[in-house]
Amino acid sequence: MTTAAVSTWKPRAAAGVFGASIATGAAVLATGGAGTLWGLTPIVVYAILVLLDVDVVLATLAALVVAALETGTAPLELGTLMGESLGSFIAVVGMIILLGGGLGRVVTETGAAATMVRMVLHGIGISTRLRFRIGVMLSATLLGAALGTLSGASALLVPIVLPIAAAMRLTPPSMAAMFHAGTAAGLVTGPFTPPVVTIMGTAQIGYGEYLLNAGIPMAATVWLTGLGMSHWIQRRTEGTDSYPDDVAEEAEHDPATARRATIGFLGSMVVLVALGIAFQASYTYVLVVMPVSAAVTALCGRMSPTAALHAMYRGAQPLLWLFLLFWLLNPMLELLERSGAYDAMQRLVAPTLGDVGPWLFCMIVLVVGWLGVSGAAVAQVVLLQKLFGPALAGLGIPPGAWAAVLLGSSQIDWFGPFPGPDMIGQMGLARSRNLRMMMYNGWAIMVANLALFAVLFLVLI
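What comes next is a walk through the structure. (Residues numbered from 1 in each chain as written. Predicted model: local features only at pLDDT ≥ 70, side-chain atom pairs only at ≥ 80, totals over all residues. Heavy atoms only, no water.)

Some thoughts on the packing of aromatic side chains
For any pair of aromatic rings, the description consists of the separation of the ring centres together with the inter-plane angle of the planes. Our working definition: Centres within 6.5 Å make a pair out of two Phe, Tyr or Trp rings, where for Trp the six-membered ring is used; the pair is then stacked when the planes are under 30 degrees apart, edge-to-face when over 60, and tilted otherwise. A run of DSSP states H or I qualifies as a helix once it reaches four residues; a run of E qualifies as a strand once it reaches two. Both are numbered from the N-terminal end. Only protein chains enter the accessibility calculation, which uses a 1.4 Å probe; a residue is then buried when its area is under 20% of its type maximum, exposed when over 50%, and partly exposed in between.
For the structure on display, the rule yields six aromatic pairs. With a centroid separation of 5.9 Å and an interplanar angle of 75 degrees, the aromatic rings of Trp232 and Tyr440 are classed as edge-to-face. Remark: Tyr440 occurs in helix α22 (residues 435–460) and Trp232 occurs in helix α11 (residues 207–237); sequence separation between them is 208 residues. Take Tyr440: its relative accessible area is 29%, and that puts it in the partly exposed class. Measuring from ring centre to ring centre gives 6.1 Å for Phe361 and Phe388, while their planes differ by 80 degrees; the resulting arrangement is edge-to-face. With Phe361 in helix α17 (residues 358–372) and Phe388 in helix α18 (residues 377–388), the pair connects residues that are 27 residues apart, well separated along the chain. The two residues Phe361 and Phe388 agree in class, both being buried. Taken together, the ring pairs in this structure connect Trp232, Tyr440 and Trp443 into an aromatic cluster.

See the structure below:
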């Protein structure tokens, strides 16, 4: 099938799915089908549209329209729901993500990000390939945790580490594996990254408990497997794949100013995180941490207040779609709850789930989230909580174990079984075109994590 044919059939299929869902919603409303599994139609529509490469915000909007039709929600009432959604948990998470993007931009423009990478590389040393790999992956983890984004963290690494990689004859596929594993490990351990904030709020646990039960085990598994796979990929691509001479050039920053900005950023984050842990602050504390840390970093980096604000705007702009997604997602979930679909599903699956036991229940939810629920990770977490959260108390599953379930179910699909945008993005930044090796790396990390969570659930439950 040609590319043109593929690009034609997917929009047509998406339009057909949406049309059929509208007809189904009208039929449910007309026949009084509330309180049945037909009420889950919006979730099915959302999943299918995402698989058909429809923009995730547009897919969520389509699901919201179907949910409103099924429940007979009038436009004025829907407007009220959308207004109330601005104060919901997931909308607050969306705002945290916007602030995180802004902070990341300030850290980048003051030179603090590049300075942190150099500090790591200098501390590790780059006398051997292994030391360089460790330095690159530690830098990727640090930036992923600080910035809350895979592609943003790797983009900062590229101009600094690619010239060194070229000189050491490391191959692009090997570097892509390092970028992917390193930044992913940072994203699941950073105190204010989107998945961490969402899972902490959903499971109602603190940062320390999250790290102990879920974040550190997954990050260590991803990191160590990625380090081993980068070596394996290097051996199989060396001599056939290499960097050209025109590798990226690093942007210049005043060293003294960048050092001060780095001290300001790291110092403010350490103090603010320590205060949050000491006073057991909730996820909303991040709304204070982000702007305060950005202000301290900008001040130490001699960035004017106006320039700092503009940097915040530029950093938040690419993430606006996530805020819109969460804003639309909340009323859709509210309408699903009104439809009685969740109750119908619980009545259907409760006897089965009650019999399987807590360990198998956790594994089932993990697989459902990994393979069955597509879209943004935060949306996956919220949907899984809505679908399976009511069964937790009856099975005796503690919050720490549930946090591990939510983390694994929403993040393992970063690595497989199919290539995703995050994987392809890391390849592009590393200048690699070898999808086969990237898939091998992803599958190895995926299998290692499935084994990890199978054992972890036995320990935590």
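Overview of the environment of Ile160
For Ile160, the location among the structural elements is in helix α8 (residues 150–167). For the pair Ile160 and Val273, spaced 113 residues apart in the sequence, the C-alpha separation amounts to 28 Å.

Comments concerning unusual backbone geometry
Its identity as a non-glycine residue notwithstanding, Arg169 has a phi of 65 degrees, on the positive side. Turning to its location among the elements, Arg169 is positioned in the loop between α8 and α9 (172–187). A positive phi is found at Arg302, a non-glycine position, where the angle reads about 55 degrees. Here Arg302 is to be found in the loop between α13 (286–300) and α14 (305–316).

Quick look at the packing of helix α7 (residues 129–147) against α11
Just so we agree on the cut-off: In this analysis, axes come from line fits to C-alpha atoms, helices being fitted only over the stretch in contact, and the angle between any two N-to-C directions falls in the range 0 to 180 degrees. Angle categories: roughly parallel below 35 degrees, roughly antiparallel above 145, roughly perpendicular from 65 to 115, and oblique for all the rest. The crossing is said to be left-handed when, going from far helix to near helix, the turn is anticlockwise and less than a right angle, and right-handed when the turn is clockwise. Pairs of residues are marked as contacts when any of their non-hydrogen atoms sit within 4.5 Å. Under the scheme applied, nonpolar residues are Ala, Val, Leu, Ile, Met, Phe, Trp, Tyr, Cys and Pro; charged residues are Asp, Glu, Lys and Arg; polar residues are all the others, including Gly.
For the pair α7 and α11, interaxial distance at closest approach is 11 Å and the crossing angle is 135 degrees. Taken together, the axes of α7 and α11 are oblique relative to one another. Crossing handedness for the pair α7 and α11: right-handed. Contacts between α7 and α11 involve Arg129, Arg133, Ile134, Met137, Leu138 and Thr141 from the first element and Trp223, Gly226, Leu227, Ser230, His231 and Gln234 from the second. Partitioned by chemical class, the residues of the contact of α7 with α11 number five nonpolar, five polar and two charged.

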